[in-house]
Amino acid sequence: MARTKKRTDGRYAKQVYIGKDDAGKRKYKTFYATTQKEADRLAAEYRAALGRGLDPNAGKQTVKTLLDNFLAAKKAQGVGASWYTSLNIYVKHLKPLHSILADKVRTADIQRVLNNLAETGLSHTTLTHIASTAKAAFALAIPEIIQYNPCDRVIVPAGRPAKTRGWLDDEQQAWVRETPHRAQRAAMLMMYSGLRRGEVTALTWGDIDLDERTISVNKAWDFSADKIKLPKTAAGIRIVHIPQLLADYLREERKSDPSTMYVVHTAHGGRMTAQAWKRLWNSYMAYLNAKYAFDGANVFAVRQKDENGKERGALPILIKTFTAHELRHTFCTLLYKAGVDVLTAKDQMGHADIKVTMGIYTHLDAKYKAAKMDALDMYLENACKSNASQAT
């Protein structure tokens with residue numbers, strides 16, 4: 001075993017044999033420390049790491065290489081195209097680390113990057129995803145490239161609070177129910193069944209049993225990859241029970257749509273694309289705006305001349321618009337208001353983790369708690385008046 005030598009600069013050096021080079025010459029890795037004990041410890045840890053599979057020739061691997069390996073693994077795993085796109089964005093946020101040798105990265109380096117990203121206004125949720133991406137990439141490199149994960153002790157900054165997804169109030173829900181439009185069918189489906197947009201896109205009439213009032217959710221459309229995929233999570237494969245109101249609506253819709261396969265489709269009966277959804281939703285919001293903010297005026301009632309002298313101008317949006325995902329959250333809100341227990345709501349929504357459903361229910365509890373206490377105040381006030389009148 002190689003001895004620990006004291007150098008002329010006062011430091012101790014300990015060598016570990018790591019094999020031979022292409023010319024057959026023996027190669028060593030040297031560890032330096034201010035004490036003999038520390039040098040021996042560093043060498044022993046490295047020797048143990050070699051025994052666990054550390055590649056002594058992998059010292060030139062950068063963080064970018066680790067992240068690329070992670071993305072390749074996720075792609076081979078078959079993650080959804082939208083999630084793969086998000087992972088690429090998280091990797092780009094880690095760019096300040098890309099050129100650093102992987103085995104030289106320390107916890108402080110990663111912490112510094114996250115702190116700087118927090119100052120740019122990223123939310124805590126996004127910062128958590130970035131930190132998780134880095135941690136997963138480093139984990140894949142153990143023990144071949146690195147000995148430990150520098151992300152283990154990283155603290156994700158608070159960042160900007162995540163935006164809470166809203167839901168439609170009673171007035172907006174009435175707009176959806178009472179306003180005929182080509183987008184109404186999609187809106188009614190999402191608001192009264194909780195389906196995601198990708199699930200609605202892949203939904204066929206054969207998936208709906210109007211007599212039993214159920215929808216079989218067994219597939220979704222991946223807009224990025226332009227293909228059918230399984231729902232977002234395994235829990236997404238489910239049977240959704242729908243209210244009579246939606247069943248009656250869909251029965252009438254089916255009468256006017258006898259030959260189409262997709263429940264929600266393009267004007268020509270084809271499958272909806274991302275661009276088709278965008279056009280449809282913009283048209284829907286403009287129509288609702290014209291009807292409820294401008295008493296049914298034409299959506300292009302405002303005429304303004306552009307720089308070429310042409311007249312074209314849309315009505316300014318004055319209503320509170322909503323997204324397709326807010327319709328899904330509205331369904332969860334309706335379940336809460338109807339007193340549906342959280343486990344049933346989880347199954348209906350297709351949440352993989354009950355914490356997601358609990359988060360929505362807890363938020364709604366806080367929102368409606370004051371109203372519940374007002375009801376108690378009214379009850380107590382009436383009870384006191386009743387007792388007082390009986391006493392007289």
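Counting from 1, residues in each chain are numbered in the order their sequence is written. For this predicted model, a pLDDT threshold of at least 70 governs which residues receive local features, and a threshold of 80 or more governs which side-chain atom pairs are given and counted, while totals over whole chains, interfaces and linings are taken from all residues. Here the side-chain values reflect all heavy atoms present in the structure, with hydrogen atoms and water set aside.

Considering the pattern of salt bridges
When the charged atoms of two side chains with opposite charge come close together, those side chains can pair. Heads up, the condition is: Salt bridge, as applied in this entry: a Lys or Arg side-chain nitrogen positioned within 4 Å of an Asp or Glu carboxyl oxygen. Labels follow the DSSP assignment, with helices taken as runs of H or I lasting at least four residues and strands as runs of E lasting at least two, numbered in each case from the N terminus. Relative accessible area decides the class of each residue, using a 1.4 Å probe on protein chains only: under 20% of the type maximum gives buried, over 50% gives exposed, and in between gives partly exposed.
Scanning the model with the defined rule gives 16 salt bridges in all. For Asp 226, the salt bridge is made with Arg 271, and the minimal N-O distance between the two is 3.2 Å. Highlighted residues: Asp 226 in the loop between β6 (220-222) and β7 (227-229) and Arg 271 in the loop between α9 (244-255) and α10 (274-293), separated in sequence by 45 residues. Judged by its relative accessible area of 19%, Arg 271 is buried. Where Lys 346 meets Asp 347, a salt bridge forms, and the shortest distance between an N and an O atom there is 4.0 Å. Judged by relative accessible area, Lys 346 falls into the buried class, the value being 17%. Relative accessible area serves as the criterion here: at 47%, Asp 347 is assigned to the partly exposed category.

Concerning the sheet that holds strand β4 (residues 208-209)
Applicable threshold: Pairs of strands are assigned from DSSP output, requiring at least two bridges between the strands.
Strand order in this open sheet of three strands is β4-β5-β8, and the pairing throughout is antiparallel. Either end of the sheet is taken by a strand with one partner, and the two such strands are β4 and β8 (238-241).

Focus on helix α5 (residues 124-140)
Threshold: One fewer than the residue count of a helix, multiplied by 1.5 Å, yields its expected span. Arc, as used here, means the arc of the directions from the helix axis to the C-beta atoms. The contact criterion used throughout is that any non-hydrogen atoms of two residues lie within 4.5 Å.
Between its terminal C-alpha atoms α5 stretches 24 Å, which fits the 24 Å expected from 17 residues at 1.5 Å a residue. Turning to α5, its buried residues number three or more, namely Leu 127, Ile 130, Ala 131, Thr 133, Ala 134, Ala 137 and Phe 138. Projected onto a plane normal to the axis of α5, the buried residues spread over an arc of 150° and lie on a single side. In this structure, the buried residues of α5 make contact with α2 (63-77), α3 (81-93) and α4 (107-119).

Comments concerning unusual backbone geometry
Of note, the phi angle at Arg 213 is positive, near 60°, even though the residue is not glycine. Mapped onto the fold, Arg 213 is located in the loop between β4 and β5 (214-217). Exposure remark for Arg 213: the relative accessible area of 30% places this residue in the partly exposed category. Positive phi, normally seen in glycine, also occurs at Asp 295, with a value near 50°. Looking at the element boundaries, Asp 295 is found in the loop between α10 and α11 (324-337).

So, helix α6 (residues 170-178)
Just so we agree on the cut-off: Contacts described as polar in this section are N or O atom pairs within 3.5 Å, which, within protein, must combine one atom able to donate a hydrogen with one able to accept it, while residues neighboring in sequence count only if both atoms come from side chains.
Along α6, the residues that are buried comprise Gln 172, Gln 173, Ala 174, Trp 175 and Val 176. Buried residues in α6 make contact with α7 (184-193), α10 and α11. N-cap assignment for α6: the residue whose side-chain oxygen lies 3.2 Å from the backbone N of Glu 171 is Asp 169.

Some thoughts on the packing of aromatic side chains
The line we're drawing: Between the rings of Phe, Tyr and Trp (Trp by its six-membered ring), a pair exists once the centres lie within 6.5 Å; its type follows the angle of the planes, with under 30 degrees stacked, over 60 edge-to-face, and the other angles tilted.
Following the criterion strictly, the structure yields seven aromatic pairs and no others. A ring pair is formed by Trp 175 and Tyr 292, whose centres lie 5.1 Å apart and whose planes are at 20°; its orientation type is stacked. Of the two residues, Trp 175 sits in helix α6 while Tyr 292 sits in helix α10, which places them 117 residues apart along the sequence. Taking the centre distance of 5.2 Å and the plane angle of 85° together, the rings of Tyr 336 and Tyr 361 count as edge-to-face. Note that Tyr 336 is positioned in helix α11 and Tyr 361 in helix α13 (residues 354-391), a separation of 25 residues in sequence. The exposure class of Tyr 336 is buried, given its relative accessible area of 13%.

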